[in-house]
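Residue-level structure breakdown
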Amino acid sequence: MTSSAVDPQVLAAARRRTFLALFTALAVALHTLEYLLPAPAPWFRLGFANILTLAALFLYGPRAAWGVTLGRVLLGSLVVGTLFSPGFFLSLAGGTAATAVMTAAYRLGGRRIGPVGVSALGAVGHALGQLALAYLLLVRHPGLWQLLPAFLLFALGAGLANGFAASWLLDLLRGHPAFRGEQEE
Amino acid sequence: MSRSRLFALGLVILLSALALFGRRGEEPGEFRRARVLMGTVVEVTLLDGGANVDAEAAMAAAFSAMAEVEARMSAHRDDSETARLNAAAGPLEVSAATADLLALGLRVAAASGGAFDLTLGRLKTLWGFAGDAPRVPDDMAITAALQGIGPESLRLEGRRVTKREAVLHVDLGAIAKGYAVDRAIAALQAAGIRHASVNAGGDLRLLGDYGGRPWRIGIQHPRNPEAVLATLELADAAVVTSGDYERFFEIDGVRYHHILDPHDGRPADACQSVTVVAASAAEADALATAAFVLGPEAGRRLVEAWGGLALVVAADGTVSLSEALKERVRWP
Amino acid sequence: MKALWARTTGLDRLIVAVLLLGILASFFLLGARPQGERVLVERGGRLLFSAPLAENRVVDLEGPLGITRLEIRDGQVRILASPCPTKACIGMGAIACAGEMLACVPNELLVRIEGAGKGAAHDLLSR
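Residues numbered from 1 in each chain as written. Chains lettered and ligands numbered in written order. Predicted model: local features only at pLDDT ≥ 70, side-chain atom pairs only at ≥ 80, totals over all residues. Heavy atoms only, no water.

This part covers the overall build of chain B. Secondary structure summary: chain B contains nine helices and 18 strands in total. Here the contacts in chain B between residues at least 6 apart in sequence split such that 61% fall between residues at least 24 apart. Total accessible area computed for chain B in this model is approximately 15,400 Å², and 52% of it derives from carbon and sulfur atoms. (Helix = DSSP H or I, 4+ residues; strand = E, 2+ residues; numbered from the N terminus. Contact = heavy atoms within 4.5 Å. Areas by Shrake-Rupley, 256 points an atom, 1.4 Å probe, with all protein chains shown as cover.)

Right, dumping it as structure tokens:
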């Protein structure tokens, strides 16, 4: 294919859209798979789909990350069948809090912070977001917060795993011919 | 390439294992609802049944069956059959359900030599257990309230009831709750449920077993509110316990409880609690009350002659039980 | 595969260390209280109040009719006062075991005891 005739900017835009769509699809897949795993408590999930949010964040920036997260929560709930159920709101709260924290950390940290650090912070945000929503909407019970330390530990573990996975994914992608010449934001 | 394929295979195996493992975390389905009826909390539990059973509908049917019994037989409602019977001077035509229940009550009354009585309405009102100002009535008032009671106090011809004396007041409290539980079980059966329990504040009946093993029914310890006296392993049976700790008041250090002995109009004092296992909750309810009044020996004989099983805690705390119950009891 | 350590930056490691310390601290501040039996009060299926059965207290619970007063004393729970017409809830007496319930229907309150392993011995209690 004589791609030399294609405007590199158009190509880059197309590549970005394609990959973000792929990321979202993969995030939905992970979101769905999570329902098969044992969970710390009913409706709470570990948030592995955040790996793709991380990848989007580091490759394409905060806006892309938000797109992947929100797309994943909406589509994922449709696929699993939990749209507008408590599980959906917990997902939304967790995903939103995680993404907010991650984009903030990315912006503030710049070159000094890597996917692992961002992910760790995001995972903590994810757990806090879910618990806060559960408290406000479901169970107005101070005893709920007793779960917090255990949740956070789980979340941190998942966050680290996500971070390493995202780091590996980013290496793979950046090394791929399709990304040669790609400029990071 | 083969390394990737191996990795992919490993991932698939891992995911399948997780999928299977994740599923197992779910509890064997117990579907419970509780509602306040008949002055107590009634809880219906359904176990994972067939897929073509509408659990919600069955649950609703069970509760409405019990509400219907309450409406018909509650002494507290002005429009119940009980209220009308109390007000009646001559014969009164009642519903088939009420007639059946009265017939059962009269049979237990006769079999127990009057230890169980359906016409203690005035006596109960006198003592005031149902309200917030219970008191010890004087002897004259008690004698007056006992007038006309006994196994012959009601004459039942088909669906027509005649009181021996017009002033008699019927109180179905010792049998109606059990009857309501029976109706609820019937409603569940009609809805296709095969494993369930209906527990009306301790008067309970079991449908089927607990998914492959018997239901484990704890018996409240009569003196220690936090302890269980024993656990019975049962299926398809009704269990009712009458105890002196359920409803009582204390004056000057003396405890007066709500199970009255029809012979002297005062709280029966031969037992601390009686647990009866029978085919239906209405029978178990009536028999438990009768046996409590009769005392450990006579009470157990009555229950066994009826075809039921009993566990009695005498006034001094000694426990005795029917032979056939011994293999089904687990002590703590 | 790059070593895991090499995938982290200095800041990453600092962040993780701080978070870990914070979480461990929160364990001591919030966490791991022994289970014990709890008294739960629900209205309309939502949890309104919860307390350990072992601690004596008197609590006022709000319902549409007003305040229902609940007493937890010596391992038993009873309703002391309630604005309902028949006071059936007070007449229900006291409960002490896991699985037992009290309720004031007009004031929409359901009180129950949830237990630590007590339920394991029996499925239902006859009393």
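A few words on the packing of helix H7 (residues 173–190) of chain B against helix H8 (residues 281–294) of chain B. Residue and element names in this part refer to chain B. For the pair H7 and H8, the least separation of the axes is 6 Å and the interaxial angle reads 160°. Between H7 and H8, the interaxial angle falls into the category roughly antiparallel. Where H7 crosses over H8, the two elements pack in a sense that is right-handed. When H7 is examined against H8, the residues Gly173, Ala174, Ile175, Ala176, Lys177, Gly178, Tyr179, Val181 and Asp182 are found in contact with a partner set consisting of Ala281, Ala282, Asp285, Ala286 and Thr289. Broken down by class, the residue content of the contact of H7 with H8 amounts to eight nonpolar, three polar and three charged. (Axes fitted to C-alpha atoms, helices over the stretch in contact; angles between N-to-C directions. Parallel < 35°, antiparallel > 145°, perpendicular 65-115°, else oblique. Left-handed = near helix turned anticlockwise from the far one by under 90°. Nonpolar A, V, L, I, M, F, W, Y, C, P; charged D, E, K, R; others polar.)

With 34 residues of chain B in contact, the opposing surface of chain C contributes 22 residues. When the two sides are added together, the surface that chain B and chain C hide from each other amounts to roughly 2,200 Å², 55% of it contributed by carbon and sulfur. Of all residues in chain B, Val41, Arg216 and Glu226 of chain B give up the largest surface area on contact with chain C, accounting jointly for 24% of the area buried on that side. Between Arg213 of chain B and Asp123 of chain C there is a salt bridge, with its nearest N and O atoms 2.9 Å apart. Joining chain B to chain C, the criterion identifies eight residue pairs in polar contact (both at pLDDT 80 or more). Along the lines of polarity and charge, the residues of the side of chain B that touches chain C split into 15 nonpolar, 10 polar and nine charged. In this sheet, strand S9 (residues 124–126) of chain C lies alongside strand S8 (residues 215–220) of chain B in parallel orientation, the contact comprising three bridges. What sits directly across from Ile219 of chain B, in S9 of chain C, is Ser126 of chain C. (Buried area = accessible area lost by both parts, 1.4 Å probe. Salt bridge = Lys/Arg side-chain N within 4 Å of Asp/Glu carboxyl O. Polar contact = N/O pair within 3.5 Å; in protein donor to acceptor, adjacent residues only side chain to side chain. Pairing = 2+ DSSP bridges.)

Our focus in this paragraph is the packing of helix H1 (residues 8–34) of chain A against helix H3 (residues 62–80) of chain A. Residue and element names in this part refer to chain A. Orientation of H1 relative to H3, taken along the N-to-C sense of each, is 45°, at an axis distance of 8 Å. Between H1 and H3, the crossing angle belongs to the class labelled oblique. Between H1 and H3 lies a crossing of right-handed hand. Mapping the contact onto sequence places Arg16, Leu20, Phe23, Thr24, Ala27, Val28, His31 and Thr32 in H1 and Ala64, Val68, Gly71, Arg72, Leu75, Gly76, Ser77, Val79 and Val80 in H3. Here the residues of the contact of H1 with H3 sort into nine nonpolar, six polar and two charged.

For the rest of this paragraph, the subject is H3 of chain A. Residue and element names in this part refer to chain A. Between its first and last C-alpha, H3 extends 26 Å over 19 residues, near the 27 Å set by a 1.5 Å rise per residue. Among the residues of H3, Pro62, Ala64, Ala65, Val68, Thr69, Gly71, Arg72, Val73, Gly76 and Ser77 are the ones counted as buried. Looking at the residues trailing H3, positive phi occurs at Gly81, about 95°. (Expected span 1.5 Å × (residues − 1). Buried < 20%, exposed > 50% of the residue type's maximum accessible area, 1.4 Å probe, protein only.)

Residues and elements named next belong to chain A. Counted according to the given criterion, the structure contains three cavities of 30 Å³ or more. In this model, the second largest cavity occupies a volume close to 70 Å³. Of all the secondary structure elements, the ones that give two or more residues to the lining of the second largest cavity are H1, helix H4 (86–109) and helix H5 (115–138). (1 Å grid on protein atoms, 1.4 Å probe; cavity = no way out; pocket = protein on both sides within 12 Å on 5 of 7 lines; lining within 4 Å. Points joined across faces, edges and corners; volume = space filled by probe spheres on them.)

Turning next to helix H2 (residues 55–73) of chain B. Residues and elements named next belong to chain B. Taking 1.5 Å as the rise per residue, H2 with 19 residues should run 27 Å; its terminal C-alpha atoms sit 27 Å apart, in good agreement. Of all the residues in H2, the buried ones are Ala58, Met59, Ala62, Phe63, Ala65, Met66, Val69, Glu70 and Met73. Axial view of H2: buried residues confined to an arc of 150°, hence all on one face. Two or three places before Glu56, at the start of H2, stands the capping residue Asp54, its side-chain oxygen 3.3 Å from that residue's backbone nitrogen. (Arc of directions from axis to C-beta.)

All names here are of chain A. A cluster of nonpolar residues, Leu74, Leu75, Leu78, Leu83, Phe84, Phe89, Leu136 and Leu137, forms a patch on the protein surface that exposes about 750 Å² of accessible area. Listed by contribution, the elements that provide at least two residues to the nonpolar patch are H3 and H5. The greatest single-element share of the nonpolar patch, amounting to three residues, is contributed by H3. You can call Phe84 exposed: its relative accessible area is 58%. (Patch = residues over 30% accessible without salt bridge, like charges linked within 9 Å, V, L, I, M, F, W, Y side chains within 5 Å.)

A word on the sheet that holds strand S5 (residues 160–163) of chain B. Residue and element names in this part refer to chain B. In space, the three strands of this open sheet follow the order S3-S5-S4, with antiparallel pairing throughout. On the outer flanks of this sheet lie strand S3 (92–93) and strand S4 (154–157), each paired with one strand and no other. Across the face of the sheet, helix H4 (residues 96–111) comes into contact with S4 and S5 while running at roughly 130° to S4.

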